[in-house]
Amino acid sequence: MNEVELETAKAGLEVNRKRNHGLDLLRILSICGVVAIHVFGVRVGAAPKNGPSWWTATAIDIGFIWVVPVFIMISGALLLGSQRMLESPGKFYRKRAARILPALIAWNLIYLVGVRIWLRHEELTGARILQLLYDGSVFTQLYFLWIVVGLYAVAPVIGLFLSMGKPSWSLWTAGILLVTSILAYLLPTVLSHYGIMRPINLNFLTLWIPYTGYFVAGYALRNVRLKGLHLFWLVPAVAAMASFTIWHYGNRGVLPKVDVLINESYFGLFVAAVSLGVFVLALSITDGMEIPQRCASAVRAMSEASFGVFLVHYVIFEVIRLNFTGVSTQHSLRALAVAYVVTLAGSFAVSVIALRIPGIKRIF
């Protein structure tokens, strides 16, 4: 190796040390979970709701319920500690707007026209379209874009607030915000037990609010690394809570009093605990991980492509679902497994390629 190559290698290793590969790997795992939820959820929502195939699909679906909270925690970990954001909020807003607004507009049009009208042949009235836009629910996963927009909007304010206090300040802030969201979603369930209906109705302008606790939690927990017995006991604790969540989803009514207090939303008590646990567990296990330059480049590329995978995967899966009876009507677990592999691989391929094409990459 000559002197130039040696310096290049050193520079590459330095980049690897600075980049948190734990967050990259967690982001990749999370996007794999998102696709799994949407593919295997087809079987979870279909009758009969019992038997080995249904429980297998449910274990996959509910077992990955932590992915959206973890995605938001990753964003909080990366953004809220950014000195550049605090020094120049205007530049931060311009950069983020250029990143998220083209994707927001383009993918809402793609799913509204391309998937709902062309693929599904839905007859959408003007009122129905306005309702979908107002609810932020043009398609299954697109609500997440509105959450991102809202969190980007308040990120500089939250970041400035957190920077003014001690490290424990962020933990307390995250705890207060998370508990508030958990209680906000718990109380309507408790009230419904007594015949009082008070559902929570969010729209595209307010979807982000309940997720602020997860956003701050990502920042607060970004440097937490467990070792020894603490790490050893966290693994079975997270596994036990995740297993109970899966069991409870398939056995509602068996424990009526527990049903009032436990739910499988993103703000259910156990779901929140599992999400926080997975985040800390992943960063603790990968702490100090050294990845060879070639592998690190691949991990980084897949991590950066995950946003595009999130956006495009439902287009690919809808084409599969609408053209293969094993997926669309029979809900065969084997067919769904094949559909999952094809959807995931195809989505990564499309996203990685799209990120290399000027213009197109603006919506990926």
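Only a predicted model underlies this, so the values are computations on that prediction, with no experimental measurement involved. (Residues numbered from 1 in each chain as written. Predicted model: local features only at pLDDT ≥ 70, side-chain atom pairs only at ≥ 80, totals over all residues. Heavy atoms only, no water.)

Enquirer: Help me out: how do you make sense of the packing of aromatic side chains in this one?
Expert: How two aromatic rings sit relative to each other is set out by the distance from centre to centre and by the angle between their planes. A complete count under the given rule lists 23 aromatic pairs for this structure. Ring geometry for phenylalanine 92 versus tyrosine 152: centroids 6.3 Å apart, planes at 80 degrees, classification edge-to-face. Separated by 60 residues along the polypeptide, phenylalanine 92 in helix H6 (residues 89-119) and tyrosine 152 in helix H8 (residues 143-163) bring together distant segments of the chain. Look at tyrosine 314 and phenylalanine 317: their rings are 6.2 Å apart centre to centre, the planes differ by 55 degrees, and that puts the pair in the tilted class. On the criterion of helical spacing, the pair formed by tyrosine 314 and phenylalanine 317 is a turn pair, its members being three residues apart in helix H14 (residues 293-323). As far as burial versus exposure is concerned, tyrosine 314 and phenylalanine 317 are alike and both buried. The ring of tyrosine 152 has arginine 96 lying over it, and the distance from NZ or CZ to the ring centre is 5.3 Å. One cation-aromatic arrangement involves arginine 222 over tyrosine 219; the distance from NZ or CZ to the ring centre is 3.9 Å. (Phe/Tyr/Trp six-rings, centres within 6.5 Å; stacked < 30°, edge-to-face > 60°. Helix = DSSP H or I, 4+ residues; strand = E, 2+ residues; numbered from the N terminus. Buried < 20%, exposed > 50% of the residue type's maximum accessible area, 1.4 Å probe, protein only. Lys NZ or Arg CZ within 6 Å of the ring centre and 35° of its normal.)

Enquirer: Please explain a nonpolar patch on the surface as it appears in this structure.
Expert: The grouping of Leu160, Phe161, Met164 and Trp169 at the surface amounts to a nonpolar patch, some 410 Å² of accessible area in total. Mapped onto the elements of the fold, leucine 160 is located in helix H8. Judged by its relative accessible area of 49%, leucine 160 falls in the partly exposed class. (Patch = residues over 30% accessible without salt bridge, like charges linked within 9 Å, V, L, I, M, F, W, Y side chains within 5 Å. Areas by Shrake-Rupley, 256 points an atom, 1.4 Å probe, with all protein chains shown as cover. Salt bridge = Lys/Arg side-chain N within 4 Å of Asp/Glu carboxyl O.)

Enquirer: Can you help me understand the layout of surface pockets in this one?
Expert: In this approach a probe as big as a water molecule rolls over the atoms, and the regions it shows empty are the leftover space. Taken as a whole, the largest pocket spans an internal volume of roughly 1500 Å³. Arg27, Leu78, Leu79, Lys95 and Arg96 are the residues nearest the centre of the largest pocket, which is lined by 36 residues in total. Those elements that place two or more of their residues in the lining of the largest pocket are helix H1 (3-18), helix H2 (21-44), helix H4 (67-79), helix H5 (83-87), H6, H8 and H14. Among the elements that take part in the lining of the largest pocket, H4 stands out by supplying seven residues, more than any other. Residue composition of the lining of the largest pocket, by class: 19 nonpolar, six polar and eleven charged. (1 Å grid on protein atoms, 1.4 Å probe; cavity = no way out; pocket = protein on both sides within 12 Å on 5 of 7 lines; lining within 4 Å. Points joined across faces, edges and corners; volume = space filled by probe spheres on them. Nonpolar A, V, L, I, M, F, W, Y, C, P; charged D, E, K, R; others polar.)

Enquirer: What's the story with unusual backbone geometry in this structure? I'm lost.
Expert: A negative phi angle is the norm for most residues apart from glycine, just as the trans form is the norm for most peptide bonds. The omega angle of the peptide bond from alanine 47 to proline 48 is -5 degrees, so this bond is cis rather than trans. Despite not being glycine, histidine 121 shows a phi value in the positive range, around 60 degrees. Checked against the element boundaries, histidine 121 lands in the loop between H6 and helix H7 (126-135). A residue is classified by how much of its surface remains accessible, and histidine 121, at 61% relative accessible area, is exposed.

Enquirer: What am I meant to see in the pattern of salt bridges here?
Expert: Here the idea is simple: oppositely charged side chains can pair when their charged atoms come close. If you walk through the whole model with that rule in mind, you get nine salt bridges. One continuous salt-bridge network, built from bridges that share partners, spans Arg116, Arg120, Glu122, Glu318 and Arg321.

Enquirer: What am I meant to see in empty space enclosed by the protein here?
Expert: Enumeration according to the criterion identifies one cavity of 30 Å³ or more in this entry. Estimated volume of the largest cavity: approximately 40 Å³. Forming the boundary of the largest cavity are Ile62, Gly63, Ile65, Trp66, Ala242, Thr245, Val271 and Val274. Only helix H3 (51-63), helix H11 (228-250) and helix H13 (269-285) provide two or more residues apiece to the lining of the largest cavity. Its residues placed into classes, the lining of the largest cavity shows six nonpolar, two polar and no charged.

Enquirer: Explain H2 here, please?
Expert: One turn of the α-helix equals 3.6 residues, which is why residues spaced by three or four share an orientation. Here H2 is 24 residues long and its end C-alpha atoms lie 33 Å apart, about the 34 Å a rise of 1.5 Å per residue gives. Counting buried positions along H2 yields 21 of 24 residues, so the element is predominantly enclosed. The backbone nitrogen of glycine 22 lies 2.9 Å from a side-chain oxygen of the residue at the head of H2, namely asparagine 20. (Expected span 1.5 Å × (residues − 1). Polar contact = N/O pair within 3.5 Å; in protein donor to acceptor, adjacent residues only side chain to side chain.)

Enquirer: Help me understand the confidence of the model for the chain, please; the structure alone is not making it clear to me.
Expert: Should pLDDT be low for a region, the predicted coordinates there are not to be read in detail. Scored by pLDDT, the chain has a mean of 92; 95% of the residues are at 70 or more. For the chain, H1 is the element with the lowest average pLDDT, namely 40, and helix H10 (residues 212-220) is the one with the highest, namely 98. In this model residues 1-17 is a low-confidence stretch, pLDDT under 50, and it forms ten contacts with partners more than four residues away in sequence or in other chains. (pLDDT = per-residue confidence, 0-100. Contact = heavy atoms within 4.5 Å.)

Enquirer: Just to check I follow, could you spell out the environment of phenylalanine 317 for this structure?
Expert: Judged by relative accessible area, which is 1%, phenylalanine 317 ranks as buried. Separated by 250 residues in the primary sequence, phenylalanine 317 and valine 67 have C-alpha atoms spaced 19 Å apart. Not counting residues within four places of it along the chain, the set of residues in contact with phenylalanine 317 comprises His38, Val39, Val42, Val327, Ala339 and Thr343.

Enquirer: Please clarify how the packing of H11 against H13 should be interpreted in this entry.
Expert: Two numbers describe a pair of packed helices, the interaxial angle and the distance between the axes. One can describe the packing of H11 onto H13 by two numbers: an axis separation of 9 Å at closest approach and a directional angle of 145 degrees. As for how H11 packs across H13, the hand of that crossing is left-handed. Contacts from Leu231, Leu234, Val235, Val238, Met241, Ala242, Phe244 and Thr245 in H11 reach Phe270, Val271, Ala273, Val274, Gly277, Val278, Val280, Leu281, Ser284 and Ile285 in H13. Residues of the contact of H11 with H13, tallied by class, amount to 15 nonpolar, three polar and no charged. (Axes fitted to C-alpha atoms, helices over the stretch in contact; angles between N-to-C directions. Left-handed = near helix turned anticlockwise from the far one by under 90°.)

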